Number of protein chains: 2
Amino acid sequence: MKNNISSPVIRRLPRYYRCLLALNKAGIKRISSGELAKKLDSTASQIRQDFNYFGGFGQQGYGYNVPQLQAEIGRILGLETPKKTILIGAGYLGRAIVNQIDFEKKGFTLIGIFEKIEALTGQVVKGIPVRNINDMDEFCKENFPKVAVLCVSKNEAEQLLEPLIRLGVTGFWNFSQAELTTKNQNVFIENVLFSDSLLNLSYHLNQK
Amino acid sequence: MKNNISSPVIRRLPRYYRCLLALNKAGIKRISSGELAKKLDSTASQIRQDFNYFGGFGQQGYGYNVPQLQAEIGRILGLETPKKTILIGAGYLGRAIVNQIDFEKKGFTLIGIFEKIEALTGQVVKGIPVRNINDMDEFCKENFPKVAVLCVSKNEAEQLLEPLIRLGVTGFWNFSQAELTTKNQNVFIENVLFSDSLLNLSYHLNQK
């Protein structure tokens, strides 16, 4: 596997994975880069070029072995490595995320949910009790979560970032609408910026 | 403005816009591409190259006029063009989106919310009544929304797409976790795929 793989290439991997998963489920065991390209509305050369960053995978003139390729990309995506995860913010957004995402299937083990509004603590979301955010420090010191899902406001997210890093969290899935950054090389922050996405839609509608 | 501007360039525009909005609010009236690059963790040449797609904006050795540049990028993003918008699905996710996003500021006018679960209809979310989804056709024929925000399940989103296009909707902000596509050149679909975002985080954690 090459180093310094560009961010757009990496961002295409989950799509490849989803497509292979669907093919596998449909019982398709072998596929050419051309057929795969059609399914992904991409080109065979783009797919081959992307796969080459990770060592190639395929056999020329023979096509890809679907279950093998799915497993291989899943491994590259880290799906096989369980990561203890906490979610902060049990409002509408936090609940939507917990209900919509199958964390386990993605290699994330949700071990705790925290909330500052007392009326919401004690409730149970998808089998996990909602705890008071004041208990988060102690919980982290005992359970060592590596990932935090931030479903809180901008200010709260900005205030939570450094303390959580000090508690050993190295991955953030940030829905707060603040673009969080860190100089810490051991930490990765995935910002989900709804507004940027809406403006992208706006741009394209404005071209039509 | 050039045609065929690449998707990564377009996706960077909202970030530029956010940064300029913050600068403008802070009373900063002029900024060089170098200073702007620092704020955006980018490079001056990247920024100048991106801006050149839209005609350049800047004066060499003088820097950019912040309010002018903000207004110009806002115009390119279509913020000045109000677009009638409906939201479908008033569950946790739909409510989170309505509460978190200032649609008006982004040029989207939310005129209706629809839901299939009868117990939720009649409620009011951010001043807008939640209507029964059975009334959506008639509502669209009377009010002509151009944009639909889909906060429904995969299956529901797939079933809603074509009927909504026939009702005149040309823009979709899709949170359903189905990757919706269309061959219709007049329609743009912005898919917000949480799972792909989570797998991107997973990939980067796996590298550390």
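Refer to the structure above for everything that follows.
Parameters at a glance
- Residues numbered from 1 in each chain as written.
- Chains lettered and ligands numbered in written order.
- Predicted model: local features only at pLDDT ≥ 70, side-chain atom pairs only at ≥ 80, totals over all residues.
- Heavy atoms only, no water.
- Salt bridge = Lys/Arg side-chain N within 4 Å of Asp/Glu carboxyl O.
- Helix = DSSP H or I, 4+ residues; strand = E, 2+ residues; numbered from the N terminus.
- Buried < 20%, exposed > 50% of the residue type's maximum accessible area, 1.4 Å probe, protein only.
- Core = buried A, V, L, I, M, F, W, Y, C linked by side-chain atoms within 4.5 Å.
- Contact = heavy atoms within 4.5 Å.
- Buried area = accessible area lost by both parts, 1.4 Å probe.
- Axes fitted to C-alpha atoms, helices over the stretch in contact; angles between N-to-C directions.
- Left-handed = near helix turned anticlockwise from the far one by under 90°.
- Nonpolar A, V, L, I, M, F, W, Y, C, P; charged D, E, K, R; others polar.
- Phe/Tyr/Trp six-rings, centres within 6.5 Å; stacked < 30°, edge-to-face > 60°.
- Lys NZ or Arg CZ within 6 Å of the ring centre and 35° of its normal.

(A) Looking closely at the pattern of salt bridges. Under the criterion given, the structure shown has 14 salt bridges over all chains. We note a salt bridge from Arg75(A) to Glu72(A), for which the minimum N-O separation is 3.0 Å. Within this pair, Arg75(A) and its partner Glu72(A) are both found in helix H4 (residues 66-76), separated by 3 residues, close to a single helical turn. Between Arg15(B) and Glu179(A) there is a salt bridge, with its nearest N and O atoms 2.9 Å apart. Taken together, the residues Arg15(B) in helix H1 (residues 7-25) and Glu179(A) in the loop between strand S8 (171-174) and strand S9 (188-191) connect one chain to another. Classification of Glu179(A) by relative accessible area gives partly exposed; the value is 30%.

(B) Layout of the nonpolar core. Residues Ile97(A), Trp173(A), Phe194(A), Ile97(B), Trp173(B) and Phe194(B) are the most contacted members of the largest nonpolar core, which totals 50 residues. In this view, Phe194(B) contacts Ile97(A), Gln100(A), Ile101(A), Trp173(A), Phe175(A), Val192(A), Phe194(A), Leu93(B), Phe175(B) and Gln177(B); residues no more than four positions away in its chain are not counted.

(C) Structural detail: the interface of chain B and chain A. With 59 residues of chain B in contact, the opposing surface of chain A contributes 59 residues. In this assembly, chain B packs against chain A so that about 5,400 Å² is buried in total across both faces, 65% of it on carbon and sulfur atoms. Run the count over chain B and chain A and you get 6 salt bridges. For Arg18(A), the salt bridge identified is with Glu179(B), shortest N-O distance 2.9 Å.

(D) Summary view of the packing of helix H1 (residues 7-25) of chain A against H4(A). Residues and elements named next belong to chain A. H4 packs onto H1 with a crossing angle of 145 degrees between their chain directions and a minimal axis gap of 9 Å. By crossing handedness, the relation of H1 to H4 is classed as left-handed. Of the residues in H4, those touching H1 at Leu13, Tyr16, Tyr17, Leu20, Leu21, Leu23 and Asn24 are Val66, Pro67, Leu69, Gln70, Ile73, Gly74 and Ile76. Across the contact of H1 with H4, the residue classes tally to 11 nonpolar, 3 polar and no charged.

(E) A look at the packing of aromatic side chains. One pass over the full model with this rule turns up 18 aromatic pairs over all chains. Seen from their ring centres, Phe54(A) and Tyr203(B) are 6.5 Å apart, and the 90 degrees between their planes marks the pair as edge-to-face. Placement of Phe54(A) in the loop between helix H3 (44-52) and strand S2 (64-65) and of Tyr203(B) in helix H8 (residues 194-207) is noted, with the two residues assigned to different chains. Owing to a relative accessible area of 7%, Phe54(A) belongs among the buried residues under this scheme. Looking at Tyr203(B), the relative accessible area reads 4%, which means it is buried. An angle of 40 degrees between the planes, with centres 6.2 Å apart, marks the rings of Phe194(A) and Phe194(B) as tilted. Taken as a pair, Phe194(A) in helix H8 (residues 194-207) and Phe194(B) in helix H8 lie in two separate chains rather than in one. On the basis of relative accessibility, which here comes to 1%, the residue Phe194(A) falls in the buried class. Ring pairs connect the aromatic residues Phe103(A), Trp173(A), Phe175(A), Phe194(A), Phe103(B), Trp173(B), Phe175(B) and Phe194(B), which therefore count as one cluster. Against the face of Phe108(A) rests Lys83(A), its NZ or CZ located 4.9 Å from the ring centre.

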